[in-house]
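Structural overview
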Amino acid sequence: MKNVTVGIYLDLQKVFDTVDHGILLHKLYVYGIRGIMLDWFRNYLRNRQQIVTLTDISSDVGNITCGIPQGSVLGPLLFLRASAMLKHVLAIGWTSVRLSVCHTLVLYQNG
């Protein structure tokens, strides 16, 4: 069998906006975060809302059930957890998957 390496450039910025809170909390549990610490993360992500106001017109309040709060101290830690989940999804059918330091290059290798 021939060795094949494939490189794919990804923009993972959307991971901040799309990661499901339930999945993220489950992964934190799998990585050993439990008890009071897991409750702390759950409370941090729970009951978040957003509203958009332009001049004097405001949107309805929307509940946020996914995404990582940006501009927070915990944001980078949660982003790293979310992007680590991506590595396992991408690895299906390949012997080796490597994410670069900047999280934008994925290298696949089958040999």
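For the structure given in this document, a descriptive report is provided here. (Residues numbered from 1 in each chain as written. Predicted model: local features only at pLDDT ≥ 70, side-chain atom pairs only at ≥ 80, totals over all residues. Heavy atoms only, no water.)

Among the nonpolar cores identified, the biggest contains 14 residues, and Leu25, Leu28, Phe41, Leu45, Ile68 and Leu78 are the most heavily contacted of them. Secondary-structure elements contributing two or more residues to this core are helix 2 (21–30), helix 3 (35–45) and helix 4 (75–90). When residues of this core are assigned to their parent elements, the largest contribution, 4 residues, is made by helix 3. (Core = buried A, V, L, I, M, F, W, Y, C linked by side-chain atoms within 4.5 Å. Buried < 20%, exposed > 50% of the residue type's maximum accessible area, 1.4 Å probe, protein only. Helix = DSSP H or I, 4+ residues; strand = E, 2+ residues; numbered from the N terminus.)

This part is about the packing of aromatic side chains. Scanning the entire structure with this criterion turns up 2 aromatic pairs. Relative to Phe41, the ring of Trp40 has its centre 5.4 Å away and its plane inclined at 80°; by these criteria the two rings are edge-to-face. With 6.2 Å between their ring centres and 10° between their planes, Trp40 and Tyr44 make a pair best called stacked. Remark: Tyr44 and Trp40 occur in helix 3; sequence separation between them is 4 residues, near one turn of the helix. The rings of Trp40, Phe41 and Tyr44 are connected pair by pair, giving a single aromatic cluster. The residue whose ring lies beneath Arg34 is Tyr29, and the NZ or CZ to ring-centre distance is 4.1 Å. When the ring centre of Tyr44 is taken as origin, the NZ or CZ atom of Arg48, which lies over that ring, is 4.8 Å away. (Phe/Tyr/Trp six-rings, centres within 6.5 Å; stacked < 30°, edge-to-face > 60°. Lys NZ or Arg CZ within 6 Å of the ring centre and 35° of its normal.)

Direction vectors running N to C along helix 2 and helix 3 enclose 165°, while the axes themselves pass 10 Å from each other. With respect to helix 3, the axis of helix 2 lies roughly antiparallel. Note on packing geometry: the crossing formed by helix 2 with helix 3 is right-handed. Touching His21, Leu24, Leu25, Leu28 and Tyr29 of helix 2 are Leu38, Phe41, Arg42 and Leu45, all from helix 3. Considering only residue class, the contact of helix 2 with helix 3 consists of 7 nonpolar, 1 polar and 1 charged. (Axes fitted to C-alpha atoms, helices over the stretch in contact; angles between N-to-C directions. Parallel < 35°, antiparallel > 145°, perpendicular 65-115°, else oblique. Left-handed = near helix turned anticlockwise from the far one by under 90°. Contact = heavy atoms within 4.5 Å. Nonpolar A, V, L, I, M, F, W, Y, C, P; charged D, E, K, R; others polar.)

Along the chain, the position of His26 falls in helix 2. Exposure remark for His26: the relative accessible area of 48% places this residue in the partly exposed category. A C-alpha to C-alpha distance of 9.4 Å links His26 and Leu38, two positions 12 residues apart in sequence.

Applying the stated rule across the entire model yields 1 salt bridge. A salt bridge links Arg42 to Asp39; its shortest N-O distance comes to 2.7 Å. With Arg42 and Asp39 both in helix 3 and 3 residues apart, this pair spans about one turn of that helix. Using a relative accessible area of 37% as the deciding quantity, one classes Asp39 as partly exposed. (Salt bridge = Lys/Arg side-chain N within 4 Å of Asp/Glu carboxyl O.)

Here the focus is the side chain of His21. Looking at the secondary structure, you find His21 in helix 2. Among the residues examined, His21 registers a relative accessible area of 8% and is labelled buried. Non-local contacts of His21, meaning those with residues more than four positions away in its chain, are made with Leu45, Ile64, Thr65, Cys66 and Gly67.

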